[in-house]
Amino acid sequence: MAVLQELRKNKYIAYFAGGCVRDLLLGLEPKDYDVATDAPPQRVREIFPRTQEVGAAFGVVLVRQGKSTIEVATFRSDLSYADGRRPEGVRFSTPEEDAQRRDFTINGLFLDPITNQTIDFVNGQEDLQNRVLRAIGKAEERFAEDHLRILRAMRFAARFNLRIESATAAAITENAVKLIRISPERIADELRMMLCPSTRLRACQLLWEFALPQVILRDLAERPEQAAERSFFSALATPHDLPFGLVLAAFVQDYRLAAIAGKSPAELFEKAEVQRSIRACRKDLKISNDEAEMMHICLDLAILLQPHVPSVAIMKRFLARFDPPEAALLLAAVARVEPSLDTRLHWLFEQFGTFPESEIAPPPLITGKDLLAAGLRSGPLFKQILDQVYDDQLENKISTHEQAMEMAMNLARQK
């Protein structure tokens, strides 16, 4: 409010703009407040002593007030888009023209917090009341300008439980293939924002409804036309946020399950298929190492469900990676797709209950430094030795540093 009032004091128009107005009208607490003004960027920097230019060419300046940072943007119209991402330039303009350049009517609103008046040039209030997501102006043009708006549409519709208006939906379908022009990192960021929160199931349904998984995960060879009838992802119904690696693993498995319709779901968990799925996500989404590792553990959980009884070490490693509710969700997801595994799942949960929490992920008895100090050369062998020693520690077969080192040296000689 202080930033807005200071702009007003200097005889400029200043409103709250975009998502914060939408959230306030929905009775939600905005994460941040953006300000739109007719003050040119240079004047914004002159008025406020602490600023940072993040998009001066587009009229955007960050203003620091105490511990807060407020984005102040000059009213503008965008020039032509050449790359399906950002305009080649802007022209400073009026509030009405600024509203017309935005993506959806629910995001094209301004608010004068001093008079509590909503300034609505795009009928956004009506769409909010009717729970409708509608592109501003011609939907085809909005998605042609910035292809990522296709995924933003999924996110907003899921988050606020909106129906996507018919012309907007048609334009999404028409432009979906253009997502291949968007960087993997930006696509992954959108997926994190829509699949991790509690509204993830609706987001997933919308992605499949508009055939977007086939575009997003284009390095998986198969191209299923629709989601699988039984879904891993549908088991992730929880009011809590979930890690991206976990939800992505379920999302990918649904993709694969749809692609191998009629075959055994066990094929999804073959080592080669697990590795192929993760490689595709690394390439298509540029996921982090931690996210890839979580995916690997999620997709490897089938080792718990094989005919042979899993070792204590395998069960503890699984529990160490996830909170108990997340572990239950993962196993419930498998049971939903393959009901014949229900008996094994009951047995697993009984076993999980017998492990003291202190024994699930104890500090390792030895580390790579110990092996170096013992004269072993660093390399791939290290991980193999350390993993085998740690498995025996988890199995309570060894319990001291000396026993661990003796086992490690024996393994080294055998290699």
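Residues numbered from 1 in each chain as written. Predicted model: local features only at pLDDT ≥ 70, side-chain atom pairs only at ≥ 80, totals over all residues. Heavy atoms only, no water.

1. Re the overall build of the protein
Okay, step 1: Secondary structure assignment for the protein yields 21 helices and 11 strands.
Okay, step 2: Expressed along its principal axes, the backbone C-alpha trace of the protein runs to roughly 80 × 50 × 40 Å.
Okay, step 3: Looking at the protein as a whole, 50% of its 415 residues qualify as buried.
Okay, step 4: For the protein, restricting intrachain contacts to residue pairs at least 6 apart in sequence, the fraction spanning at least 24 positions comes to 65%.
Okay, step 5: Looking at the protein as shown, the accessible area adds up to about 20200 Å², and 49% of this sits on carbon and sulfur atoms.
Okay, step 6: Charge centroids of the protein, computed over 53 positive and 58 negative side chains, lie 3 Å from each other. (Helix = DSSP H or I, 4+ residues; strand = E, 2+ residues; numbered from the N terminus. Buried < 20%, exposed > 50% of the residue type's maximum accessible area, 1.4 Å probe, protein only. Contact = heavy atoms within 4.5 Å. Areas by Shrake-Rupley, 256 points an atom, 1.4 Å probe, with all protein chains shown as cover. Lys, Arg positive; Asp, Glu negative; His and termini not counted. Charge placed at Lys NZ, Arg CZ, Asp CG, Glu CD.)

2. Some details on the pattern of salt bridges
A side chain of one charge can pair with a side chain of the opposite charge when the charged atoms of the two come close.
Okay, step 1: According to the stated counting rule, one finds 20 salt bridges in the structure shown.
Okay, step 2: One salt bridge in this structure joins Arg102 and Asp98, with 2.8 Å as the shortest N-O distance.
Okay, step 3: For Arg102, a relative accessible area of 15% translates into the label buried.
Okay, step 4: You can call Asp98 buried: its relative accessible area is 1%. (Salt bridge = Lys/Arg side-chain N within 4 Å of Asp/Glu carboxyl O.)

3. Here we look at the packing of helix 12 (residues 244-259) against helix 13 (residues 271-285)
Okay, step 1: In the contact formed by helix 12 and helix 13, the axes pass within 11 Å of each other and the chain directions differ by 115°. When the axis of helix 12 is compared with that of helix 13, the two are roughly perpendicular. Handedness of the crossing formed by helix 12 with helix 13: right-handed. Residues Leu248, Val252 and Arg256 of helix 12 touch helix 13, and the partners they reach there are Glu273, Arg276, Ser277, Cys281 and Leu285.
Okay, step 2: Tallied by class, residues from the contact of helix 12 with helix 13 come to four nonpolar, one polar and three charged. (Axes fitted to C-alpha atoms, helices over the stretch in contact; angles between N-to-C directions. Parallel < 35°, antiparallel > 145°, perpendicular 65-115°, else oblique. Left-handed = near helix turned anticlockwise from the far one by under 90°. Nonpolar A, V, L, I, M, F, W, Y, C, P; charged D, E, K, R; others polar.)

4. Thoughts on the packing of aromatic side chains
Okay, step 1: Per the counting criterion, the structure on display carries 12 aromatic pairs.
Okay, step 2: With a centroid separation of 6.0 Å and 40° between ring planes, the pair formed by Tyr15 and Phe110 is classed as tilted. Of this pair, Tyr15 sits in strand 1 (residues 14-17) while Phe110 sits in strand 8 (residues 109-112); the two residues are 95 residues apart in sequence, bridging distant segments of the chain. Summarising the burial analysis for this pair, Tyr15 and Phe110 share the class buried.
Okay, step 3: Between the aromatic rings of Phe104 and Phe143, the centroid separation amounts to 6.2 Å while the plane-to-plane angle is 55°, which identifies the pairing as tilted. Pair noted here: Phe104 is in the loop between helix 4 (95-100) and strand 8 and Phe143 is in helix 6 (residues 139-145), with a separation of 39 residues, a long-range link. An identical accessibility class is assigned to Phe104 and Phe143; each is buried.
Okay, step 4: By the ring-pair criterion, three or more aromatic residues cluster together here, those being Tyr15, Phe75, Phe110 and Phe121.
Okay, step 5: Lying across the ring of Phe156, Arg155 places its NZ or CZ 4.9 Å from the centre. (Phe/Tyr/Trp six-rings, centres within 6.5 Å; stacked < 30°, edge-to-face > 60°. Lys NZ or Arg CZ within 6 Å of the ring centre and 35° of its normal.)

5. A few points about the pairing of strand 8
Okay, step 1: Because side chains alternate across strand 8, one face comprises the buried residues Leu109 and Leu111, and the other comprises Phe110 and Asp112, equally buried.
Okay, step 2: Summarising the sheet, strand 8 and strand 9 (residues 117-120) pair through four bridges and their orientation is antiparallel. Residue pairing across strands places Leu111 opposite Thr118, the latter belonging to strand 9.
Okay, step 3: Following strand 8, the chain reverses through four residues before pairing antiparallel with strand 9; Asn116 in that reversal takes a positive phi of roughly 60°. (Pairing = 2+ DSSP bridges.)

6. Topic: helix 20 (residues 380-394)
Okay, step 1: The end-to-end C-alpha separation of helix 20 is 22 Å, in line with the 21 Å expected for 15 residues at 1.5 Å each.
Okay, step 2: Taken together, the buried positions of helix 20 are occupied by Phe382, Ile385, Val389, Tyr390, Asp392, Gln393 and Leu394.
Okay, step 3: Packed against the buried residues of helix 20 are helix 15 (312-321), helix 18 (357-360), helix 19 (368-373) and helix 21 (401-414).
Okay, step 4: Phi for Asn396, located one or two positions after helix 20, is positive at around 65°. (Expected span 1.5 Å × (residues − 1).)

7. Concerning unusual backbone geometry
Negative phi values dominate among residues other than glycine, just as trans dominates among peptide bonds.
Okay, step 1: Residue Asn161 is not a glycine yet carries a positive backbone phi of 55°.
Okay, step 2: With respect to the helices and strands, the residue Asn161 is situated in the loop between helix 7 (149-159) and strand 11 (163-164).
Okay, step 3: Given the relative accessible area of 56%, Asn161 is considered exposed.
Okay, step 4: Even without a glycine there, the phi angle at Ala211 is positive, about 55°.
Okay, step 5: Note on placement: Ala211 falls in the loop between helix 10 (200-209) and helix 11 (213-216).

8. Describing the environment of Asp290
Okay, step 1: Along the chain, Asp290 turns up in helix 14 (residues 289-300).
Okay, step 2: Residue Asp290 is classed as exposed on the basis of its relative accessible area of 59%.
Okay, step 3: Spatially, the C-alpha atoms of Asp290 and Phe244 are 9.8 Å apart, while their sequence positions differ by 46 residues.

9. Here's the deal with the pairing of strand 1
Okay, step 1: With burial as the criterion, each face of strand 1 is covered, one bearing Ala14 and Phe16 and the other bearing Tyr15 and Ala17.
Okay, step 2: Across two bridges, the pairing between strand 1 and strand 8 is antiparallel. In the sheet register, Phe16 faces strand 8, and the bridge partner there is Leu111.

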